[in-house]
Amino acid sequence: MSGLIGDRAETIRRIAAAHGPVVRVPVPGKPFHLVSCPRLARHVLLTNNKNYRKSFDWKIVHSLLGDGLVTSHDEVWRHARAATAPVFRQEPVLRMAAALQDVVAEEVAGWGGVLPTGAATTRLALRAFARAALDVDADRVDLDEITRAVSAGLRHLDARLGAPVDLAARLPTPGRLRFARARARLDAVLYRWIDAAARRAPGPDLLSVLLQASRALPDAGLTPRVWLRDQLVTFLLAGHETVAVSLTWCLHLLATHPDAQRRAREGLPGDGEALGPWLGAWTPLDAVIHEALRLFPPVWSLGREAVADDRLGDFHLPAGATVMVSPYAIHRRADLWPEPDAFRPERFAAGPPAQGGAEGLTYLPFSAGPRLCPGDRLALVELKLALREVLRRFEVAPTRPGPVACEALISLRPRRELELRLTARAAGDPA
Ligand code: HEM
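Residues numbered from 1 in each chain as written. Predicted model: local features only at pLDDT ≥ 70, side-chain atom pairs only at ≥ 80, totals over all residues. Heavy atoms only, no water.

A. Layout of the side chain of glutamate 291. Tracing the backbone through its elements, the reader meets glutamate 291 in helix H13 (residues 284–295). Only 2.7 Å separates the side chain of glutamate 291 from the backbone nitrogen of arginine 344, close enough to count as a polar contact. Reaching out from glutamate 291, the side chain makes a polar contact with the side chain of arginine 347 at a distance of 3.0 Å. In contact with glutamate 291, not counting residues within four places along its chain, are Ala342, Phe343, Arg344, Pro345, Arg347 and Phe348. (Helix = DSSP H or I, 4+ residues; strand = E, 2+ residues; numbered from the N terminus. Polar contact = N/O pair within 3.5 Å; in protein donor to acceptor, adjacent residues only side chain to side chain. Contact = heavy atoms within 4.5 Å.)

B. Local environment of the packing of helix H10 (residues 224–256) against helix H15 (residues 376–393). Between H10 and H15, whose axes approach to 10 Å, the crossing angle comes to 40°. The angle between H10 and H15 falls in the class oblique. The two elements H10 and H15 cross, and the hand of that crossing is right-handed. Contacts from Val243, Ser246, Leu247, Cys250, Leu251 and Leu254 in H10 reach Ala379, Glu382, Leu383, Ala386, Leu387, Val390 and Leu391 in H15. Taken together, the residues of the contact of H10 with H15 break down into 11 nonpolar, 1 polar and 1 charged. (Axes fitted to C-alpha atoms, helices over the stretch in contact; angles between N-to-C directions. Parallel < 35°, antiparallel > 145°, perpendicular 65-115°, else oblique. Left-handed = near helix turned anticlockwise from the far one by under 90°. Nonpolar A, V, L, I, M, F, W, Y, C, P; charged D, E, K, R; others polar.)

C. Representation of the sheet that holds strand S4 (residues 113–116) in the model. With antiparallel pairing, the 3 strands of this open sheet are ordered in space as S4-S12-S9. Only two strands of the sheet have a single neighbouring strand rather than two, namely S4 and strand S9 (394–398). Averaged over all neighbouring strand pairs, the angle between strand axes comes to 35°, with direction disregarded. Set on the sheet, helix H6 (residues 117–134) makes contact with S4 and strand S12 (419–424); between it and S4 the angle comes to about 65°. (Pairing = 2+ DSSP bridges.)

D. Structural detail: the nonpolar core. Judged by nonpolar contacts, the single largest core of 117 residues is most densely connected at Trp111, Leu134, Trp193 and Leu385. Among the elements that take part in this core, H10 stands out by supplying 17 residues, more than any other. Excluding residues that lie within four positions of it along the chain, tryptophan 111 makes contacts with Ala120, Thr121, Leu124, Leu251, Val390, Phe394 and Leu422. Listed in part, the 19 residues of the second largest apolar core include Cys37, Ala41, Leu45 and Leu361. (Core = buried A, V, L, I, M, F, W, Y, C linked by side-chain atoms within 4.5 Å. Buried < 20%, exposed > 50% of the residue type's maximum accessible area, 1.4 Å probe, protein only.)

E. The layout of surface pockets, seen in detail. Here the second largest pocket is characterised by a volume of approximately 660 Å³. Lining of the second largest pocket is provided by 26 residues; of these, Gly118, Ala119, Thr122, Glu241 and Arg413 occupy positions nearest its centre. Those elements that place two or more of their residues in the lining of the second largest pocket are H6, helix H7 (140–162), H10 and strand S11 (412–414). Taken together, the residues that form the lining of the second largest pocket break down as 9 nonpolar, 7 polar and 10 charged. (1 Å grid on protein atoms, 1.4 Å probe; cavity = no way out; pocket = protein on both sides within 12 Å on 5 of 7 lines; lining within 4 Å. Points joined across faces, edges and corners; volume = space filled by probe spheres on them.)

F. View of the site of the ligand. The local shell around the ligand holds 25 residues, among which Trp77, Arg81, Arg304, Arg371 and Cys373 are the closest. Between the ligand and the protein, one listed contact pairs an oxygen atom with a side-chain N or O atom of tryptophan 77 at 2.7 Å. A distance of 2.9 Å is found between an oxygen atom of the ligand and a side-chain nitrogen or oxygen belonging to arginine 371. Listed by contribution, the elements that provide at least two residues to the shell around the ligand are helix H4 (74–84), H10 and strand S5 (302–306). (Near = heavy atom within 4 Å.)

G. The sheet that holds strand S2 (residues 32–35), seen in detail. Strand order across the open sheet formed by 5 strands is S1-S2-S8-S5-S3, with mixed pairing between neighbours. Both outer strands of the open sheet, strand S1 (22–25) and strand S3 (52–54), are each paired with one neighbouring strand and no more. Within the sheet, the average angular offset between the axes of one strand and its neighbour, ignoring direction, is 35°. Sheet topology note: the S2/strand S8 (residues 322–325) ladder contains 3 bridges and is parallel. Paired with leucine 34 across the bridge in S8 is methionine 324. Sheet strands in contact with helix H2 (residues 38–47) are S1, S2, S3, S5 and S8, and its direction is about 120° off that of S8.

H. Just the environment of arginine 371, in detail. Tracing the backbone shows arginine 371 in the loop between helix H14 (327–331) and H15. Here arginine 371 is in contact with Lys54, Leu69, Val70, Ser72, His73, Trp77, Arg81 and Arg304, once residues within four sequence places are set aside. At 3.4 Å, the side chain of arginine 371 forms a polar contact with the backbone oxygen of valine 70.

Spatial relationships are all this shows, so hold off on functional conclusions.
Written out as structure tokens, the structure is:
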């Protein structure tokens, strides 16, 4: 059993289980309609997506991400989505695998003993995204600066998203001032990267593509330089935080399930073997990654706001109402996923279940519809490479028994730093 101590995602799941497919949750100041039914999730995210925009919570997130892809709408969103989509298609992502593998090998070579897993996976994912997607070789000073600023920024946003009244929207609270300083430090690094990319020959990387797209912005009062910063900070954050937290959950689940860890080692390509065919094939490691994303979807809730009145099943939804589709609650429904709290990679032995048909969205770690995560392929390749490297080098074990407490804020992560014990494997150790 992957233990959970009471947290927000579990509370949402219990409310959904007790009250059915749509329920109005009367949180003071922020009432919302919780959707935990796969067919209604499909309605909101896919079939009637034009009626659903990002919800008010995204205005808080907007204070960090500006008009980046996550927080924009309409023409501004369409322009950025269309410009950046080619960077993350299958072939370009497979071409990024070599750069990802280099970073993964360098980072994991420094692991061993008691590993502060959150810090280690964050650094790995940040460096990997910078190198593979942006063609930026971030140095230690930049990485530390970004990590500190992002962590301060996310802490501030988490606190605002969780508070019944958003005081920081109106008052210069100490938290807001700290946030402004963190944002300024982050921006200084990103503007430096943008300026360096503008001086080099353009390539197929995301930074080059964004620079090109900034020369033909839609007429919405956007400044090219600020737009570039907004897109870059959005991709950088979305592109590393979720991957780091997924990798942490995968390692935790493998540490606590030695049989699954042994099976996941079977068939891993060895030194000198080509990685391409293995990356393209469905393997026991893919099943581990998907089962971890089912149990701990980093984006555990998807917030939307209804543009016009709508019917959600038997429920009348008024215009302006906030809707929360909960991948976490859907992924842990016993009628869809028997013994939903158990870690069973075998569920995904034949690949992930097809989505979008009559049964709706039963598995949606990357959302669905026009807002589907554009980085899903990159994330899955990166996770596979990182887990291969760890499993080849180390036996992974927990440092203490018992469940790991979860915290469901912007992403679903362990409440405290997760320490795991990594013991070096001898060259001849069996798979
Ligand atoms: C395991 C890792 C990841 C998970 C679980 C994940 C999950 C998601 C989800 C659920 C959404 C949709 C949010 C919504 O509908 O409200 C999303 C959007 C997004 N993701 Fe990811 N993501 C991951 C990795 C990445 C990576 C590697 C990138 C880098 C390219 C990325 C970039 C984005 C962006 C830019 C959006 C906004 C898309 C839009 O609104 O059009 N994500 N992600």
